[in-house]
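Remarks on the overall topology
Below, each chain spelled out in residue letters.
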Amino acid sequence: MARILSILVGLFFTVALLWSLLVGLFNFELPHSVEHDFHKAPQHLALSSDGPFGKFDRQQLQRGFQVYKEVCAACHGLRHVAFRDLAALGYNEPEVKAIAKGTLVPGIDPATGEATTRPGLPTDYFPEPFANDVAARAANNNAIPPDLSLMTKARHHGPAYVYSLLTGYTDAATYKNAEGKPLPKENYPTETTYFNPYFANLNLAMAPPLNEGMVSYGDGTEASVDQMSRDVAAFLVWTAEPKLEKRNQVGWPVLGFLLFATVLGFLAFRNIWADKKKKG
Amino acid sequence: MSFPWAIEYKPSHPFMQWMDDRLPVPRLVYNAIGAGYPVPRNLNYFWNFGFMALFCLAIQIVTGIILAMHYAANAGVAFDSVEHIMRDVNWGWLMRYGHANGASAFFVVVYVHIFRGFFYSSYKAPREMVWLLGVVIFLLMMATAFMGYVLPWGQMSFWGAKVITGLFGAIPLVGEPIQVWLLGGFAPDNAALNRFFSLHYLLPFVIVGVVVLHIWALHIPGSSNPTGVEVKSESDTVPFYPYFIAKDGWTLGVLLVVLAAMTFFAPNMLGHPDNYIPANPMSTPAHIVPEWYFWPFYAILRAFTVDFFFIPAKLMGVLAMFGSILVWFFLPWLDKSPVRSGSYRPLFRKFFWFGLIPAMVVLFYCGGAPAEEPYVVLSQIASLYYFAHFLIILPIVSAIEKPEPLPYSITEAVLGEDDNAKLGKAG
């Protein structure tokens, strides 16, 4: 009885599926979007923080922070990072205090209670560049510049994506994809967008933000667009995962101990089962 | 617990006797996992996964309770509270990554455990209750994991919640009111997040309760074994302590090595980057996918693309998705073969390895892929096979198959000969 019922239920589902399958096959049309044909995967970016032995290059992080502060902070927030966190970049306490003091954060007038701004303290977080989403859209071609704290974890191949995007702006009219096809005219950028094949939708509202030499690095490194993009990508890896070094550092002893314990456990297992003619 | 030769608990230390007289926990432990519990001596490594699953549950509860001390379940601050845990709470990053990767480990271990059940027909009499309780545990795990993933309130959290709670709307007549009632609103929002947190904290303890019943039900007939032949005499068994304590111990080490490697060196490998973007009801992600352990069921859900007579495709998908797990409840009655173990069932084995396993692999892959061709067609074919396997193929195979001859006993299978068999044959 159960068998007959089960066969009937099975037939119900399988016939329904066959029906979907047949109808689908008749209306079959393999889709191909222009975005898919012209979008480029990010270029490879090697950073010192890569891999299980990764460590941050503090000089690079400081350069990247400088790029963020002087270029990106105009539009992009970094709300999960506090000024005190910058000590991890190698700044000492007076330097951190100075960086905080040099940034204006929201505050209240102590006499009147009105909303105003005040110099930051190490305990403050990086301030939002716009008062609200409406203000953000109004200033940026109806797009909201995303917060950058987690950007390298919020995109596939995050650091490589950031680097490729910043260096990837190119002329839509002369661009050809891997198969040599030119970009269709409908997909050219508009008055308020800019073509970048590393962006999933090909045209984004952010104008190319970096120019040669726009930042003068404290350590004298040449500020090419490529260098600045690498540095800011490395910095954003730190903002997304400040505990990366600690994680790698703790991971090896933990793994080592567990391997050792497992080997000991295995030997104990063999020892205990030795008197059974055949193990399970 | 109910073997005629199970050793009675006779503590040597007077303190243990004192304890046992007043609260019989010592004898419970002795007869459950101690020297007083006889276990088939031929268990292979597939039998270790039950204990590993229990350990994963323990890891999830410990890391989860610590996370709950720092997490805030309000939609305005949930995402930020998780970042606070990652950045400012001492070892918070380890708790968070441990909990997220621990969930994946829990599902890997449970899937192997379930597939052991499929291959060796662990669901057959007299262990049907063990199996039914196990399916209940799996459903509770799925609910817990789904709600847990919503808690960080990232893009995938929100949109995954939207898709899955939206399925309730597919129920005819009462669907929409039920959906609004469950959500506490018209879409996932603060009300849904708060109740998901409450239930996510509750269900693991319900799982613990059902696990206790699951192990209790198992300990009545005792474990099955790879030959499927029941224990006949003492020589078929070894005491759980120390033999299987030792075996479980070292395989636990292997599990922890793999889990530690993932947690420390590739903590975001199994996750989706979109969940590092705060939830935005105004912005739909390009591809909404659940965590990997739901992919086969997601593929079955999306395989139904066309209305079937008066039943809308959405409802068909929902029925099939739940149905795909509900069929497991009926396995003890679908598979009527008197032979348990797949090792002695050649026809069953062919359908298992060349049918069920490939179908599940395809469903897994398609579940994580976009809902476009050719993945839709592949899902349809694989889902078709999946239902046919359990509901049509298994009942027929179990009726017509010619199994291979079974060993007389476990002792014979392990040692090559069993003196009792000779006595039996002679007598």
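Each residue is numbered by its place in its chain's sequence as written, counting from 1. To label them, take the chains in the order written and letter them from A, then take the ligands in the order written and number them from 1. In view of the model being predicted, local features appear only for residues whose pLDDT reaches at least 70, and side-chain atom pairs are presented and counted only at 80 or more, with totals across whole chains, interfaces and linings using the full set of residues. With hydrogens and water excluded, all non-hydrogen atoms of the structure serve as input to the side-chain values.

A run of H or I in DSSP becomes a helix once it reaches four residues, and a run of E becomes a strand once it reaches two; helices and strands are each numbered from the N terminus. Assigned secondary structure in chain B consists of 16 helices and 2 strands. Exposure categories follow from relative accessible area, calculated using a 1.4 Å probe and restricted to protein chains: below 20% of the type maximum is buried, above 50% is exposed, and the middle band is partly exposed. Scored against the burial criterion, the 427 residues of chain B give a buried share of 56%. Any two residues having at least one pair of non-hydrogen atoms within 4.5 Å are treated as being in contact. Residue pairs in contact within chain B that sit at least 24 positions apart in sequence constitute 79% of those at least 6 positions apart. Each accessible area is a Shrake-Rupley result for a 1.4 Å probe, and residues are judged covered by the shown protein chains and nothing else. Summed over all atoms, the accessible surface of chain B reaches about 18600 Å², with 73% contributed by carbon and sulfur. Positive residues here are Lys and Arg, negative ones are Asp and Glu, while His and the chain termini are left out of the count. Every charge is mapped to an atom, namely NZ of Lys, CZ of Arg, CG of Asp or CD of Glu. Taking the 23 positively charged and 25 negatively charged side chains of chain B as two groups, their mean positions are separated by 5 Å.

Here we take up the overall build of chain A. Across its full length, chain A carries 8 helices and 4 strands. Starting at the N terminus and ending at the C terminus, chain A contains elements arranged as α-α-α-α-β-β-α-α-β-β-α-α. Atoms counted for the radius of gyration: C-alpha only. Globule rule: 2.2 Å times residue count to the power 0.38. For 280 residues, the compact-globule estimate of 2.2 N^0.38 gives 19 Å, and chain A exceeds it by more than 25% at 28 Å. In terms of its C-alpha atoms, chain A occupies a principal-axis envelope of roughly 85 × 65 × 50 Å. Relative to all contacts within chain A whose residues are 6 or more apart in sequence, the contacts with residues 24 or more apart total 64%. Total accessible area on chain A is roughly 15600 Å²; 60% of this is exposed by carbon and sulfur atoms. Charged side chains in chain A number 26 positive and 27 negative. The centres of these two groups are separated by 15 Å.

A few words now on the environment of Ala 58 of chain B. Here Ala 58 of chain B shows up in helix H3 (residues 49–68). Ala 58 of chain B sits 46 residues away from Ser 12 of chain B along the chain, and the two C-alpha atoms are 31 Å apart.

Right, let's talk about the packing of aromatic side chains for a bit. A pair of Phe, Tyr and Trp rings is counted when the ring centres sit within 6.5 Å of each other, with Trp represented by its six-membered ring. The angle between the planes then sorts it: under 30 degrees is stacked, over 60 is edge-to-face, the rest tilted. Enumeration over the complete set of coordinates arrives at 59 aromatic pairs over all chains. Between Phe 65 of chain A and Tyr 91 of chain A, the aromatic rings sit 6.2 Å apart at their centres with planes inclined by 65°, giving edge-to-face as the arrangement. Highlighted residues: Phe 65 of chain A in helix H3 (residues 58–70) and Tyr 91 of chain A in the loop between H3 and helix H4 (93–101), separated in sequence by 26 residues. Take Phe 65 of chain A and Tyr 91 of chain A: they sit in the same class, and that class is buried. Judged by centre distance (6.5 Å) and plane angle (65°), the ring pair of Tyr 111 of chain B and Trp 292 of chain B falls under edge-to-face. Highlighted residues: Tyr 111 of chain B in helix H5 (residues 92–119) and Trp 292 of chain B in the loop between helix H10 (240–265) and helix H11 (295–303), separated in sequence by 181 residues. A relative accessible area of 16% means that Tyr 111 of chain B is categorised as buried. Assessed through its relative accessible area of 14%, Trp 292 of chain B is described here as buried.

The interface of chain A with chain B comprises 59 residues on the first partner and 64 residues on the second. What counts as buried area is the accessible surface, traced by a 1.4 Å probe, that two parts surrender upon association, with contributions from both included. Between chain A and chain B, roughly 5400 Å² of surface is buried when both sides are summed, and carbon and sulfur atoms account for 73% of that area. By convention in these notes, a salt bridge is any Lys or Arg side-chain nitrogen within 4 Å of a carboxyl oxygen on Asp or Glu. There are 2 salt bridges connecting chain A and chain B. For Asp 88 of chain B, the salt bridge is made with Arg 84 of chain A, and the minimal N-O distance between the two is 3.4 Å. Counted as a polar contact is a pair of N or O atoms within 3.5 Å, where, for protein atoms, one must be capable of donating a hydrogen and the other of accepting one, and residues adjacent in sequence contribute only when both atoms are in side chains. Linking chain A to chain B there are 12 residue pairs in polar contact (both at pLDDT 80 or more). Looking at the side of chain A that touches chain B, the elements with two or more residues in it are helix H1 (2–26), helix H7 (225–240) and helix H8 (244–273) of chain A.

Let us look at the pairing of strand S2 (residues 115–119) of chain A. What makes two strands pair is DSSP finding at least two bridges between them. Pairing between strand S1 (residues 104–108) of chain A and S2 of chain A: 5 bridges, direction antiparallel. Following the sheet pairing, Val 105 of chain A is matched in S2 of chain A by Arg 118 of chain A.

As a further point, take the confidence of the model for chain B. Looking at chain B, the pLDDT average stands at 93 and 97% of residues meet or exceed 70. Per the prediction output, this complex has pTM 0.93; the corresponding ipTM is 0.91. pLDDT measures the predictor's confidence residue by residue and takes values from 0 up to 100.

A separate point is the side chain of Asn 177 of chain A. Residue and element names in this part refer to chain A. Of note, Asn 177 is situated in the loop between helix H6 (158–167) and strand S3 (194–195). According to the relative accessible area criterion, Asn 177 is buried, its value standing at 7%. One polar contact links the side chain of Asn 177 to the main-chain amide nitrogen of Glu 179, over a distance of 3.0 Å. In this view, Asn 177 contacts Asp 37 and Phe 38; residues no more than four positions away in its chain are not counted.

On to the packing of H6 of chain A against H7 of chain A. Residues and elements named next belong to chain A. Under this scheme, a helix contributes an axis fitted over its contacting stretch, all axes are lines through C-alpha atoms, and angles between N-to-C directions fall in the 0 to 180 degree range. Where H6 contacts H7, the two axes come as close as 9 Å, and the packing angle between them is 150°. On the basis of their axis angle, the class for H6 and H7 is roughly antiparallel. Remark: the crossing between H6 and H7 carries right-handed chirality. Across the interface between the two elements, Pro 159, Val 162, Tyr 163, Leu 166 and Thr 167 of H6 pack against Val 225, Asp 226, Ser 229, Arg 230, Val 232, Ala 233, Leu 236 and Val 237 of H7. Residue polarity follows a fixed list, in which Ala, Val, Leu, Ile, Met, Phe, Trp, Tyr, Cys and Pro are nonpolar, Asp, Glu, Lys and Arg are charged, and the others, Gly among them, are polar. Broken down by class, the residue content of the contact of H6 with H7 amounts to 9 nonpolar, 2 polar and 2 charged. An angle below 35 degrees is read as roughly parallel, one above 145 as roughly antiparallel, one from 65 to 115 as roughly perpendicular, and any other as oblique. By definition, turning the near helix anticlockwise from the far helix through less than a right angle yields a left-handed crossing, and turning it clockwise yields a right-handed one.

In this section: the nonpolar core. Nonpolar side chains in soluble globular proteins tend to be buried together. Put simply, buried Ala, Val, Leu, Ile, Met, Phe, Trp, Tyr and Cys residues joined by side-chain atoms within 4.5 Å make one nonpolar core. Within the largest apolar cluster, 133 residues are counted, with the highest numbers of intra-cluster contacts made by Phe 107, Phe 118, Phe 138, Phe 304, Trp 328, Tyr 386 and Phe 390 of chain B. Sort the elements by how many residues they give to this core and helix H6 (residues 128–150) of chain B lands first, with 14 residues. The contact partners of Phe 390 of chain B, leaving out residues within four places of it in the chain, are Phe 118, Val 327, Trp 328, Leu 331, Leu 334, Leu 356 and Pro 395 of chain B. With 45 residues, the next largest nonpolar core counts Val 105, Met 151, Ala 233 and Ala 234 of chain A among its residues.

Residue and element names in this part refer to chain B. Note that Ile 85 resides in helix H4 (residues 78–87). Taking the relative accessible area as the measure of exposure, Ile 85 reaches 3% and is therefore buried. Placed 15 residues apart in sequence, Ile 85 and His 70 show a C-alpha to C-alpha distance of 6.6 Å. Beyond its immediate sequence surroundings of up to four residues, Ile 85 is in contact with Leu 67, His 70, Tyr 71, Gly 92, Trp 93 and Arg 96.

Further remarks concern the packing of H11 of chain B against helix H12 (residues 313–334) of chain B. All names here are of chain B. The interhelical angle for the contact between H11 and H12, taken along N-to-C directions, is 135°, at an axis separation of 7 Å. The orientation of H11 with respect to H12, classified from their angle, is oblique. In the crossing of H11 with H12, the sense of the turn from one axis to the other is right-handed. Taking contact as the criterion, the partners of Phe 297, Ile 300 and Leu 301 in H11 are, on H12, Gly 317, Val 318, Ala 320, Met 321, Ser 324, Ile 325 and Trp 328. Per-class residue counts for the contact of H11 with H12 are 8 nonpolar, 2 polar and no charged.

Turning next to helix H9 (residues 190–219) of chain B. In this model H9 of chain B runs 44 Å from its N-terminal to its C-terminal C-alpha over 30 residues, within 8% of the 44 Å that 1.5 Å per residue would give. Restricting attention to buried positions, one finds in H9 of chain B the residues Ala 192, Leu 193, Phe 196, His 200, Leu 203, Pro 204, Ile 207, Val 210, Val 211, His 214, Ala 217 and His 219 of chain B. Expected span, for any helix, means 1.5 Å times one less than how many residues it has.

What follows concerns H12 of chain B. Residues and elements named next belong to chain B. With 22 residues, H12 ought to run about 32 Å at 1.5 Å a step, yet its terminal C-alpha atoms sit only 27 Å apart, falling short of that. Maximum bend of H12: about 40°, positioned at Trp 328, with proline Pro 332 one to four residues after it. Across the 22 residues of H12, 16 count as buried, placing the element largely inside the fold. Throughout, bend refers to the angle between the axes fitted to the seven residues that end at a position and the seven residues that start at it.

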